[in-house]
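Structural features, examined
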Amino acid sequence: MVERYIRWVLKHRALVVGVCLVVSAAAVGVVTKGVFASSLVKLFLGDSPDYKRFQSLSNEFGSGDLIFIAVDNAKVFTPEGWEALERVADQIQTLEAFSEATTLADADYMETIDDTLMVEPYRSAVEQGTKSLEELKEHVKTDRFLKGSFISDDLMSVMMVLEVDTEQMLPVEAFPEILDGVFDVFREEGFDRDSLHLAGFKPDTVEATFQARYSIETIFPITSLVLSLVVLFLFGQFWPVIATSGVGVVAILWTLAFTIYFDPEINLMLAMIPAVMMVVSFSDVVHLCSSYILELKNGLSKEQAIIKSGSEVGLACWYTSVTTFFGFVALAFVPTPVFQRLGVTLGFGVAIALLLAMTLVPIFFSVMPAPNVREQSGNPSFGGRLIDSVS
């Protein structure tokens, strides 16, 4: 069956290459619609009815979508530090993404005078001059609700809580720019970025999105470069590098198009797919290249070597890919959306990588000049000779 397929591919290689080009062009169009977004809620909760109920109750009684910002060395009990934080809060509340910014100034100063409980917000106490900043400082030291939560035990770091305006339904991918705007507000008041520490779903989402982008833009190229150098080291020739890299890139393109077609968000887990797919693709193609060289050394003609290497090694790759396919697809049974999508996508990618290897590699072998392996005694590469000596 495998041999018949390879013969058919070689006979209709122009048609096959044309179909691959058309599919690849369509895949490029789909991939360009993808966006980096790693909503932790969507990753782990998805359309959970319990979470939707939580959101409903949260919107009714307040907001569960909060961003906590700890400010180091805020000097909040000095006139300059107090006024700077107040200006920051006022400016942040003018940003469309937030409905409220809460600071230490929103806390209440409570005391008992003549058996009467007196409650006065810190802000109004300072503005009206009824309490000094030093008095507020002494009060905070004894307030077990504020100390250790809104302000650190050493009174050097203070927290600001930002309430996200959930009515706007802002997309996840908008928050990196929104948080940059928040950092700009702090910077204008003298607080550098290193003094700010964020917590909450939105900051975590932004960091996850950053890591997803880093994975594709940095980790994937490094992985591809390392694999290419290893192939060059083992074979001592460039054509296996071209074959492995070419099939790998096409497999990645088709796999990403498959998952982005159903959901355009590229999350932290999906961002590792290009690196994983490159490893899977290289494995299949390296087997075919190695077998092709061995068949040529055994005296077979170019066409015979292509067919025999493809039919024999292709069958072995088929068995390997089937087990890997079901291993990845098994992740779809994990009751977490992110692993379900990852499992289905990687399973599809393994199948596509094998199909492309068995389709494009024989065509590549047929159009390239046959390596002069018969004139070579032993393995031409240092890496190959090293492997031969060990084995």
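Notes on the structure follow. Just so it is clear, the structure is predicted and the values come from calculations on it, not from any experiment.

All right, on to the packing of aromatic side chains then. Scanning the entire structure with this criterion turns up 9 aromatic pairs. Ring geometry for Tyr-261 versus Phe-262: centroids 5.2 Å apart, planes at 90 degrees, classification edge-to-face. We note that Tyr-261, like Phe-262, is exposed. Each member of the aromatic cluster is reached from another via a ring pair, and the members are Trp-239, Tyr-292, Phe-364 and Phe-365. The ring of Phe-183 carries Arg-193 above its face, with NZ or CZ at 4.1 Å from the centroid.

Moving on, we come to the side chain of Thr-223. With respect to the secondary-structure elements, Thr-223 resides in helix 9 (residues 201-235). At a separation of 2.9 Å, a polar atom in the side chain of Thr-223 contacts the main-chain carbonyl oxygen of Ile-219.

Between two packed helices, both the angle of their axes relative to each other and the distance between the axes serve to describe the pair. Direction vectors running N to C along helix 10 (residues 239-262) and helix 11 (residues 273-297) enclose 140 degrees, while the axes themselves pass 8 Å from each other. On the basis of the axis angle, helix 10 is oblique to helix 11. In terms of crossing hand, the pair formed by helix 10 and helix 11 is right-handed. Two secondary-structure elements touch here, helix 10 through Trp-239, Pro-240, Ala-243, Thr-244, Ser-245, Val-247, Gly-248, Val-249, Ala-251, Ile-252, Thr-255 and Leu-256 and helix 11 through Ile-273, Pro-274, Met-277, Met-278, Ser-281, Phe-282, Val-285, Val-286, Cys-289, Tyr-292 and Ile-293.

So, about the environment of Val-161. Inspection of the secondary structure puts Val-161 in strand 6 (residues 158-164). The exposure class of Val-161 is buried, given its relative accessible area of 12%. Taking C-alpha positions, Val-161 is 9.0 Å from Phe-150, a pair spaced 11 residues apart along the chain. Residue contacts for Val-161: discarding those within four places in its chain leaves Leu-66, Ile-67, Phe-68, Glu-100, Ala-101, Thr-102 and Phe-150.

The rules we used
- Residues numbered from 1 in each chain as written.
- Predicted model: local features only at pLDDT ≥ 70, side-chain atom pairs only at ≥ 80, totals over all residues.
- Heavy atoms only, no water.
- Phe/Tyr/Trp six-rings, centres within 6.5 Å; stacked < 30°, edge-to-face > 60°.
- Buried < 20%, exposed > 50% of the residue type's maximum accessible area, 1.4 Å probe, protein only.
- Lys NZ or Arg CZ within 6 Å of the ring centre and 35° of its normal.
- Helix = DSSP H or I, 4+ residues; strand = E, 2+ residues; numbered from the N terminus.
- Polar contact = N/O pair within 3.5 Å; in protein donor to acceptor, adjacent residues only side chain to side chain.
- Axes fitted to C-alpha atoms, helices over the stretch in contact; angles between N-to-C directions.
- Parallel < 35°, antiparallel > 145°, perpendicular 65-115°, else oblique.
- Left-handed = near helix turned anticlockwise from the far one by under 90°.
- Contact = heavy atoms within 4.5 Å.

Just geometry here; none of it tells us what the structure is for.
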